[in-house]
Amino acid sequence: MLPGIRRSLLFQLLSVYLLFVVIVLIGGLAVNTVIEQKLRNDAQESDRALAQEIALKTSLQFIEAKNSLITLSQLALQDSSTPDAMIHTFQAFQAARSDVDQVSWLDPFGILRITYPPNQNVPLGTEFAPPDIVQRALNPSQLQPVFEVGIAVETTLKPDVIIANPVRDKSGKLLGIVATSISLDGLSIPLTKVVSAQKEQGRSLMISIIDSKGELIATPDSSHFLWMVLDDLPGADQALQGHIASRLGTGSDGQNWLFSAVPVPAVGWAVIVQRPESEALAVITQFHLWLFTAALLFAIGGLLFWLILLNRVIRPLHTLALQHQTLPVSAQSIPIHATLLATRDDEVGDLARSLVRLEYDGLLKLSELRTLLETSNAVVGSLEPYAVVKKIIHEVRRLVDVQAAAVLLPDEQGALHVLVSDGHKDHYNYELSLSPESTRSSAVIALREGKPVQKLLSSDAFSYDEGFRSVLAIPIISRHVGGVVLQVHRDKPQPFDQNEIDLMLTFANYATLAWEHAVLYERSDERLRVVAQENERLYQQASEEKQKLEAIMGSMSDGLALTSIDGSVLYANQGIRSITGLPPKAIEGHSISTLYHALQDMAVDKVACEQALAQIESNTLSECVLEIKREQSQYVIHLRLFAVGNEDGQAIGRGLLLRDITREHELAEFKTTLLAAVSHEVRTPLAAIKGYASTLLQDDVTWAFADQQNFLQTISSEADRLTQLVSNLLDLTRQEAGLLHLKRMPIATQDLVQKAIERLRHPRISITSHLPDTLPAVNVDGARIEVVLYNLIENALTYGHDQVYISADQRDETIIFSVSDNGPGIAPDELPHVFERFYRARHGRQQRSGGTGLGLAISKAFIEAHGGTIWAESNEQGTTISFSLPLVVARLSEVPS
């Protein structure tokens, strides 16, 4: 019976389980004792942590109140001479500090002078109480605010914490005392919230704060303020001495309470948290209940465990052991680490002996696989084909018991040659060549049939003389890089068994991948080098083209902007800045609307510009002409929008071209105006010449000699007028083109004026001149200046009332000529335009219909060509046009005509 029990695994496990149960019960009691003590400590630590948090908050509140009082004292020092300002400061302080009930200002003798909020029951001028806090504040050695718990009779008439701080000037003279009262109700608010929260959760809790004398200064029950409770709170005396204490004691209801007391830093007070012992240690009772439940579940679970173990483990294990008892097991095949287990007499011992052989075979297979993995890792660790082949034959010799190995590679005709070998003599590497038609070579057959081929070597074999007696050829075939043959030799006339062949085939699969990757990598690396060189050439070419394109676009005087499909500006050249005033950096990366807004802001007609740009943005209009104004000048801008596409014709963005066509616009207007003016002015003299000439040529009328002279004189005058018009146009054209040459020489001032007057044929005009005889000669082109004076006098007659005044005066190195009329003058808004081409003042147009409006423009061109200036001045008494000319001594370089 006893040997059967010893051999039964079930009873062995049961004995161990019972021992385990005893250990668990003993351990459970020990754990219960430890955990009970820990839970008791945790409850005390929880209350102490709550008390410490309240103490820390109370200390921070009191320190903040002292710091704010110091700040208030500094403000009171500034406002001590103005009570209204100090009351305003106290009001702001009291509004910022909701826990402050009263703020007071005392004189150096402790007499109440100012209080806020005002207290009707306490008149100013009374002595502040309690007086001892005033005496402490007046102590010269006191540098920090002092405080005291009590009732300030003169202020709030409620229990408060009174804080006082002396106010001294820079010399140390005492100016007064600032005192604040913090209500004990305010200190009790946080305690009340905590107690109420605990009460809502069904827990009893009481929190108290006592001062250094043992009086109650903060509690949810405000009726107990300033009660002496030091003896009623166990541990409070130790907390007042700076120690943390936890005590069990009797509460006011006669039950046991847990008291936790901690000191309040920097104040000398103490915080006491108390709760009923039954509630504080309720978790211990719950733990005992949980422990009993766990023990009960452990017993029930143990019973179920044994039933399941018997039916699902022990009995099947016993059956399995019986089934494997017939396996042939030899003593030599048992591994050392399994010897002790196999000597057991129970079911495990029977199963161990039956599984030893499986373990031995498994370890053998694992050893082969580990070796195969190591060799395959070594083979695939390189991407250079020659190195891969050398690793293949090296690892083959380590993997299988062979004495030589070689890798054979076919040439272009299909003949196999040695690529790399190991273990053969040198002549083997150079002389071996196997024809693809050979029917006896194992390497040729293996490569042709795609499967391993082995042979025992005869005396006529190529490797027989080297001492090899058997050969195995394994093909390594790749779809992408062709095939090679792995050939191994051994010196024993013993064929390779199937296990060795399978092992070599597995290794050949790894070697195939390694060979394929290495060759493909070498080919791709060469191809990548070619592609990289081509890409580098194309990139260099594209970079050069891009630089040329950027240089061309950057040097354009026209503005050019390129945008993406979504309208974001990708590029803007410097021409954009010259037209819009915006730098390219302010446009690039932003929407094209930024450029449109800039053009709209500078537009002369903003409504028309906005409409045109809206059509541009909506692609209903591709180009438009805008007039803008910048720096007091007007410009005409031609805006054209065009699409930008790739080589396939797909749109990849848009371009915006801004051209300054102000010059072209002015030339077009000039041509139109010139044609209209010339056609009108030429028609008049031609009509007169034609009319008088036709009259003289009539045969049926005989004219008197005087009439004939008059007709001829009119024809000559109109011809001169026509000649002068053509000459003016030619001079203006030369000046515009920069081809007007001057023929300068010294000419007397009086001669210039006299010649200009002689050209006039107005018998009813009055010309008055003031030309001093002392005026020196001027260095000018006489014919041009005569034209200027003639035009100015004609202009004066046109806009005046037949009275002209001419004067000349010397100023520094120039002569100033002035021509004045007695007309109504020129309007101020027209005065800046009188020297423009084809411009005629309103008064002149009303008086006469003739004239092209070129006289003053030609005069201005001639004067500026001489290096002088011309200007106009006008009022209600008439108009004066003046110009300056250089003296003979101020010679300028000139080009002879």
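Now for a description of the structure that goes with this document. (Residues numbered from 1 in each chain as written. Predicted model: local features only at pLDDT ≥ 70, side-chain atom pairs only at ≥ 80, totals over all residues. Heavy atoms only, no water.)

1. Some thoughts on the sheet that holds strand S28 (residues 878-886)
Consider a sheet: its strands pair through backbone hydrogen bonds, and that pairing is either parallel or antiparallel.
Inference 1: Across the sheet, which stays open at both edges, the five strands sit in the order S23-S25-S26-S28-S27 with mixed pairing between neighbours. Each edge of the sheet is formed by a strand with only one pairing partner; in this case those strands are strand S23 (766-770) and strand S27 (870-875). Neighbour-to-neighbour, the strand axes of this sheet turn through a mean angle of 15°, independent of strand direction.
Inference 2: By the bridge criterion, eight bridges tie strand S25 (residues 803-811) to strand S26 (residues 814-821) in an arrangement that is antiparallel. Pairing of valine 804 across the sheet is with aspartate 821, part of S26.
Inference 3: Packing against the sheet, helix H23 (residues 855-865) makes contact with S27 and S28, and its axis sits at approximately 25° to S28. (Pairing = 2+ DSSP bridges. Helix = DSSP H or I, 4+ residues; strand = E, 2+ residues; numbered from the N terminus. Axes fitted to C-alpha atoms, helices over the stretch in contact; angles between N-to-C directions. Contact = heavy atoms within 4.5 Å.)

2. Observations concerning the packing of aromatic side chains
Inference 1: For the structure on display, the rule yields two aromatic pairs.
Inference 2: With 5.2 Å between their ring centres and 75° between their planes, tryptophan 703 and phenylalanine 711 make a pair best called edge-to-face.
Inference 3: When its relative accessible area of 12% is taken as the criterion, phenylalanine 711 is described as buried.
Inference 4: Ring geometry for phenylalanine 817 versus phenylalanine 883: centroids 5.1 Å apart, planes at 10°, classification stacked. A residue pair is termed long-range when its members are at least 10 positions apart, and phenylalanine 817 in strand S26 and phenylalanine 883 in strand S28 qualify at 66 residues. Both residues of the pair, phenylalanine 817 and phenylalanine 883, belong to the buried class.
Inference 5: Directly above the aromatic system of phenylalanine 496 lies the positively charged group of arginine 490, at a separation of 4.1 Å from the ring centroid. (Phe/Tyr/Trp six-rings, centres within 6.5 Å; stacked < 30°, edge-to-face > 60°. Buried < 20%, exposed > 50% of the residue type's maximum accessible area, 1.4 Å probe, protein only. Lys NZ or Arg CZ within 6 Å of the ring centre and 35° of its normal.)

3. Observations regarding helix H5 (residues 184-200)
Inference 1: Taking 1.5 Å of rise per residue, 17 residues should cover 24 Å, and H5 covers 24 Å from first to last C-alpha, within 8% of that figure.
Inference 2: The sharpest bend along H5 reaches about 30° and sits at proline 190.
Inference 3: Restricting attention to buried positions, one finds in H5 the residues Leu184, Leu187, Ser188, Leu191, Val195 and Gln198.
Inference 4: Just downstream of H5 lies glycine 202, where phi reads positive at about 80°. (Expected span 1.5 Å × (residues − 1). Bend = angle between axes of the 7 residues up to and from the residue.)

4. Notes on the pairing of strand S5 (residues 174-183)
Consecutive residues of a regular strand have side chains that alternate between opposite faces of the sheet.
Inference 1: Of all ten residues in S5, nine are buried; the element is thus mostly enclosed.
Inference 2: Direction of pairing for strand S1 (residues 100-106) relative to S5: antiparallel, over a ladder of six bridges. Following the sheet pairing, leucine 106 is matched in S5 by isoleucine 177.
Inference 3: Here strand S4 (residues 159-168) pairs with S5 via nine bridges, running antiparallel. Across the sheet, the residue bridging to asparagine 165 is valine 178, located in S5.

5. Description of a nonpolar patch on the surface
Inference 1: Together, Phe292, Leu296, Ile300, Leu303, Leu304, Leu307 and Ile308 give the surface a local cluster of nonpolar side chains, amounting to about 730 Å² of exposed area.
Inference 2: Along the chain, leucine 307 falls in helix H8 (residues 282-323). (Patch = residues over 30% accessible without salt bridge, like charges linked within 9 Å, V, L, I, M, F, W, Y side chains within 5 Å. Areas by Shrake-Rupley, 256 points an atom, 1.4 Å probe, with all protein chains shown as cover. Salt bridge = Lys/Arg side-chain N within 4 Å of Asp/Glu carboxyl O.)

6. Here's the deal with unusual backbone geometry
Inference 1: Following tyrosine 116, the chain continues into proline 117 via a peptide bond in cis, with omega recorded as 0°.
Inference 2: Along the polypeptide, proline 117 turns up in the loop between strand S2 (112-116) and helix H4 (131-137).
Inference 3: One non-glycine residue with positive phi stands out, namely aspartate 812, at about 55°.

7. Remarks on the side chain of threonine 89
Inference 1: Summarising the element assignment, threonine 89 is placed in helix H3 (residues 83-96).
Inference 2: Ignoring sequence-local partners within four residues, the contact set of threonine 89 consists of Leu72, Leu75 and Asp79.

8. Some remarks on the sheet that holds strand S19 (residues 623-630)
Inference 1: Spatially, five strands are ordered S18-S17-S21-S20-S19 in an open sheet, and the strand pairing comes out antiparallel. The outermost strands of the open sheet, each flanked by one partner alone, are strand S18 (569-572) and S19. Neighbour-to-neighbour, the strand axes of the sheet open up by a mean angle of 25°, direction not taken into account.
Inference 2: With three bridges connecting them, strand S17 (residues 559-563) and S18 associate as antiparallel partners.

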